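Architecture and fold: a report
The residues making up each chain are set out below.
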Amino acid sequence: MSKKIDVSFITINYNSTTHTIELLESIFKHTSTDYEVIVVDNASTCNELNMLEQFCNKYEQVTIVKNRVNSGFASGNMLGINYANAEYYFFINNDTKLLNNCASI
């Protein structure tokens, strides 16, 4: 039986992949606890989704959930929970950057 992950970061991407990548880089840099990241893509354009997939495919702790429609922020987060495997959920806007190890704090 595997150990449960501590934190599931859940964020929404909608045609804002550059912001999402910057958020992910800050999570990678500042988070020391066991974590995963769920990125719900709310029906971004093909170019945005391709850029997101190219970046995220390098990281096994990142899961992209592709939403066929832009269901909005709240619905996107609730969709992300269905893919989360952690004890705690950390909902975070994709235009945010972590400055410290706040998930552990």
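Here, every reference points to the structure presented above.
Presented here is an overview of the structure given in this document. (Residues numbered from 1 in each chain as written. Predicted model: local features only at pLDDT ≥ 70, side-chain atom pairs only at ≥ 80, totals over all residues. Heavy atoms only, no water.)

Let's talk about the overall build of the protein
What counts is decided by this rule: Working definition: helices are DSSP H or I runs of at least four residues, strands are E runs of at least two. Numbering for both runs from the N terminus. The globule rule used here is 2.2 Å times the number of residues to the 0.38 power, and the radius of gyration it is set against is calculated over C-alpha atoms. Think of it in three bands: with a 1.4 Å probe and only protein chains considered, a residue is buried below 20% of the maximum accessible area for its type, exposed above 50%, and partly exposed in between. Charge convention: Lys and Arg are scored as positive, Asp and Glu as negative, and His as well as the terminal groups of each chain are ignored. For this purpose, a charge sits on NZ of Lys, CZ of Arg, CG of Asp or CD of Glu.
Across its full length, the protein holds 3 helices and 4 strands. Its helices and strands in sequence order give the protein the pattern β-α-β-α-β-α-β, from N to C terminus. Taken over the C-alpha trace, the protein has a radius of gyration of 13 Å; the compact-globule value for 105 residues is 13 Å, and the two agree within 12%. Taken over the C-alpha atoms alone, the protein extends approximately 35 × 25 × 25 Å along its principal axes. Relative to its full complement of 105 residues, the protein shows a buried share of 42%. Of the side-chain charges in the protein, 7 are positive and 11 negative, and the distance between the mean point of each set is 2 Å.

Considerations on the nonpolar core
Using the following cut-off: In this text, buried Ala, Val, Leu, Ile, Met, Phe, Trp, Tyr and Cys residues form a nonpolar core when linked through side-chain atoms within 4.5 Å.
Of all hydrophobic cores here, the largest spans 16 residues; its most connected members are Phe9, Leu24, Ile27, Tyr35, Val37, Val39 and Cys56. Sorting the residues of this core by element identifies strand E1 (5-13), helix H1 (17-30), strand E2 (35-42) and helix H2 (46-56) as the ones contributing at least two each. Considering every element that reaches this core, the biggest residue donor is H1, with 4 residues. Formed by 6 residues, the second largest nonpolar core is a distinct cluster that contains Ile12, Ile38, Val40 and Val65.

Observations concerning a nonpolar patch on the surface
Keep this limit in mind: Patch members must show over 30% relative accessible area and no salt bridge, and they are joined within 9 Å when carrying like charges or within 5 Å when they are nonpolar side chains of Val, Leu, Ile, Met, Phe, Trp or Tyr. Computed with the Shrake-Rupley method and a 1.4 Å probe, the accessible areas treat only the protein chains shown as cover for residues. Salt bridges are identified by distance alone: a Lys or Arg side-chain nitrogen within 4 Å of an Asp or Glu carboxyl oxygen.
Together, Met78, Tyr89 and Phe91 make up a nonpolar patch on the protein surface, roughly 300 Å² of accessible area in all. Looking at the element boundaries, Tyr89 is found in strand E4 (residues 86-91).

Overview of H1
Filter applied, for reference: Given the number of residues in a helix, its expected span is that number minus one, multiplied by 1.5 Å. The contact definition used throughout considers only heavy atoms, calling two residues in contact when any of these lie within 4.5 Å.
Between its first and last C-alpha, H1 extends 20 Å over 14 residues, near the 20 Å set by a 1.5 Å rise per residue. Residues of H1 that are buried include every one of Thr17, Thr20, Ile21, Leu23, Leu24, Ser26 and Ile27, and no others. Those residues of H1 hidden inside the fold are in contact with E1, E2 and H2.

Some details on the packing of aromatic side chains
How we decide: Under the pairing criterion, centres of Phe, Tyr and Trp rings, with the six-membered ring standing for Trp, must be within 6.5 Å; the plane angle then separates stacked pairs below 30 degrees from edge-to-face pairs above 60, leaving the rest tilted.
Summed over the entire model, instances satisfying the criterion amount to 6 aromatic pairs. When the ring of Phe9 is compared with that of Tyr35, the centres are 5.9 Å apart and the planes differ by 80°; the resulting orientation is edge-to-face. Here Phe9 is found in strand E1, whereas its partner Tyr35 is found in strand E2, with 26 residues between them in sequence. Ring geometry for Phe55 and Tyr59: centres 5.2 Å apart, planes at 40°, overall tilted. For Phe55, a relative accessible area of 10% translates into the label buried. Following the ring pairs from residue to residue traces out a cluster consisting of Phe9, Tyr35 and Phe90.

Some words on the environment of Asp6
This is how it is decided: We define a polar contact as two N or O atoms separated by no more than 3.5 Å, with the added condition that, inside protein, one atom must be a possible hydrogen donor and the other a possible acceptor, whereas residues neighbouring each other in sequence contribute only through side-chain atom pairs.
Mapped onto the fold, Asp6 is located in strand E1. Side-chain polar atoms of Asp6 contact the side chain of Thr33, separated by 2.4 Å.

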